Amino acid sequence: MIVESPLEIIFRDLFYRLRGFADGHDVFLKLEGFNVTGSIKVKTAIALVEDLEQRGIAKPNETVIIESSSGNLGIALSVVCAIKGYKFICVADPNVNRANIRGMEAYGAEVIIAEDRDSTGGFLESRFKVIDRILHSEPNAVWVNQYANIANKNAHAEQTANEIARQFDKVDWVFVGAGTTGTLGGTSERLRQVFPDIRVVGVEPVGSVTFGGAPKKRFIPGIGTSKRPELADLANPDQVIAIEEHRTVEACRSFVRDYHLLIGGSTGTVLAAVEQLATQFAPGDTIVAISADLGEKYLDTVYDPDWVERVMPEIRTPADALGE
Ligand SMILES: Cc1ncc(COP(=O)(O)O)c(C=O)c1O
């Protein structure tokens, strides 16, 4: 495989067959963490910038692109903007890990941290306030707004969903983590056209408000929201499962032990939901789950017993939490 640009490094047909994962049923985990910048978000980033260009809104060497991101979209947009010749400003919050910030800066992005928690205990509203301030002070600035931008959803209908549809003759279940709900909306829309009987399960952490849950302080980035994203109106899952963050930690650690791949936090959340619904799977069902990223970025959080003990007191001891 020879590539001419890092943006071609996207593994579209990579599925890890998890033998007997859920009550004896195999589960196919679509691995997006080997893509350039380490997550599914490189597809979103390319699509968002190309959409601005097609609408005549963005011009290289002139436009400043702004986005709010917990890390993965931020680092993906950093690369896309560097390659295409845009200045990029990422508005993040204190939950974002240091390595992501360093990565964005290495690619030439400017990172601004919104420090104040908003009325729901999260940071999203505070991040939006920072974006608003920049839009008023920087005349060439454009906000891609992944939370409301239909190009986000369409990227996953055209890419992620079609990649799944190409791989399997039928899909009975698909499990998708929900942040902006772009992945959930896009994959459900397209996969329902191809497999009308599919059950689409949206997965979020307890404390996320996207599907009507009560807000609660959350610690694992990438999944869940403290303000319902506009795109959620198009997401339309058959079912939503909310997972407590300590179950995410347990799922990540037991997965590394049993399946030997260091998965990211949102993948642990998605896999906990798969396990929760295992009794509903029929023999022969094809079950697909999307893994948005890998675990290296979470070594100081999800995989750190001291961090887990500090932020998740419901787990009695780190050893309990980590299944050791
Ligand atoms: C690790 C991870 N998982 C899941 C998601 C959710 O994807 P989406 O924003 O398409 O809902 C994201 C989004 O940033 C993410 O970074």
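See the structure above.
Residues numbered from 1 in each chain as written. Predicted model: local features only at pLDDT ≥ 70, side-chain atom pairs only at ≥ 80, totals over all residues. Heavy atoms only, no water.

Enquirer: Which residues make up the packing of helix 1 (residues 41-54) against helix 5 (residues 150-167), and what values do they have?
Expert: Their axes nearest at 9 Å, the elements helix 1 and helix 5 cross at an angle of 135°. As summarised for this structure, helix 1 and helix 5 are arranged oblique, according to the angle between their axes. As for the relative orientation of helix 1 and helix 5, their crossing is right-handed in sense. Note on element contacts: helix 5 touches helix 1 through Ala 151, Asn 152, Ala 155, His 156, Gln 159, Thr 160 and Glu 163, opposite Lys 43, Thr 44, Ala 47, Leu 48 and Asp 51. (Axes fitted to C-alpha atoms, helices over the stretch in contact; angles between N-to-C directions. Helix = DSSP H or I, 4+ residues; strand = E, 2+ residues; numbered from the N terminus. Parallel < 35°, antiparallel > 145°, perpendicular 65-115°, else oblique. Left-handed = near helix turned anticlockwise from the far one by under 90°. Contact = heavy atoms within 4.5 Å.)

Enquirer: How would you summarise the pairing of strand 1 (residues 15-22) if you had to cite specific residues and measurements?
Expert: In terms of strand pairing, strand 1 meets strand 2 (residues 25-31) through 5 bridges, oriented antiparallel. Its bridge partner being in strand 2, Tyr 16 is matched across the sheet by Leu 29. Hairpin connection from strand 1 to strand 2: 2 residues lie between these consecutive antiparallel strands, with Asp 23 at a positive phi of about 50°. (Pairing = 2+ DSSP bridges.)

Enquirer: I'd like a rundown of helix 7 (residues 245-259), residues and numbers included.
Expert: Over its 15 residues, helix 7 extends 20 Å from the first C-alpha to the last, a length consistent with the 21 Å expected when each residue adds 1.5 Å. Taken as a whole, helix 7 has its buried residues at Glu 245, His 246, Thr 248, Val 249, Ala 251, Cys 252, Arg 253, Phe 255 and Tyr 259. His 260 sits one or two positions beyond helix 7 and adopts a positive phi of about 60°. (Expected span 1.5 Å × (residues − 1). Buried < 20%, exposed > 50% of the residue type's maximum accessible area, 1.4 Å probe, protein only.)

Enquirer: Tell me about the site of the ligand, residues and numbers included.
Expert: For the ligand, the set of nearby residues contains 14 residues, the closest of which are Lys 41, Gly 179, Thr 180, Thr 183 and Ser 266. Lys 41 has a polar side-chain atom sitting 2.8 Å from an oxygen atom of the ligand. Within the side chain of Thr 183, a nitrogen or oxygen atom sits 2.5 Å from an oxygen atom of the ligand. Across the complex, the protein chains shield 95% of the 380 Å² of accessible surface that the ligand would expose by itself. (Near = heavy atom within 4 Å. Polar contact = N/O pair within 3.5 Å; in protein donor to acceptor, adjacent residues only side chain to side chain. Areas by Shrake-Rupley, 256 points an atom, 1.4 Å probe, with all protein chains shown as cover.)

Enquirer: Lay out the environment of Val 288 in plain terms, naming residues and giving numbers.
Expert: Within the element layout of this structure, Val 288 appears in strand 10 (residues 287-291). Overall, the relative accessible area of 0% leaves Val 288 in the buried class. Taking C-alpha positions, Val 288 is 8.3 Å from Ile 164, a pair spaced 124 residues apart along the chain. For Val 288, the residues in contact, after removing those within four places along its chain, are Phe 15, Phe 28, Ile 164, Phe 168, Val 171, Trp 173, Val 174 and Phe 175.

Enquirer: Can you break down the sheet that holds strand 3 (residues 64-68) residue by residue, with the values?
Expert: Taken in spatial order, the 4 strands make up an open sheet running 5-4-3-6, and their pairing is parallel. Each edge of the sheet is formed by a strand with only one pairing partner; in this case those strands are strand 5 (110-113) and strand 6 (141-143). Ignoring which end each strand starts from, the neighbouring axes of this sheet average 25° apart. Inspection of the sheet shows strand 4 (residues 87-92) paired to strand 5 by 4 bridges, in the parallel sense. Residue Val 91 lies in a different strand from strand 5, and its bridge partner there is Ile 112. Docked against the sheet, helix 4 (residues 124-137) engages strand 3, strand 4, strand 5 and strand 6, running at close to 165° with respect to strand 3.

Enquirer: Summarise the packing of aromatic side chains; cite the residues concerned and give the values.
Expert: The final tally for this structure, using the stated rule, is 13 aromatic pairs. With a centroid separation of 5.1 Å and an interplanar angle of 85°, the aromatic rings of Phe 15 and Phe 168 are classed as edge-to-face. Here Phe 15 is found in strand 1, whereas its partner Phe 168 is found in the loop between helix 5 and strand 7 (173-177), with 153 residues between them in sequence. By relative accessible area, which is 16% here, Phe 15 ends up buried. With relative accessibility at 12%, the residue Phe 168 sits in the buried group. Cluster of aromatic residues (ring-pair linked, three or more members): Tyr 16, Phe 21, Phe 255 and Tyr 259. (Phe/Tyr/Trp six-rings, centres within 6.5 Å; stacked < 30°, edge-to-face > 60°.)

Enquirer: An account of unusual backbone geometry is needed here, citing residue identities and associated values.
Expert: Of note, Thr 37 is a non-glycine position whose phi angle comes to about 70°, a positive value. Here Thr 37 lies in the loop between strand 2 and helix 1. Its identity is not glycine, yet Asn 236 carries a phi of approximately 55°, on the positive side. Following the sequence through the fold, Asn 236 ends up in the loop between strand 8 (199-205) and strand 9 (239-243).

Enquirer: Now, about the packing of helix 2 (residues 72-84) against helix 3 (residues 98-106): what can you tell me, with residues and values included?
Expert: Interhelical geometry of helix 2 versus helix 3 gives an angle of 15° and a closest axis separation of 9 Å. In this view, helix 2 runs roughly parallel relative to helix 3, as classed from their interaxial angle. Two packed elements cross with a definite hand, and for helix 2 against helix 3 that hand is left-handed. Taking contact as the criterion, the partners of Asn 72, Gly 74, Ile 75 and Ser 78 in helix 2 are, on helix 3, Asn 100, Gly 103 and Met 104.

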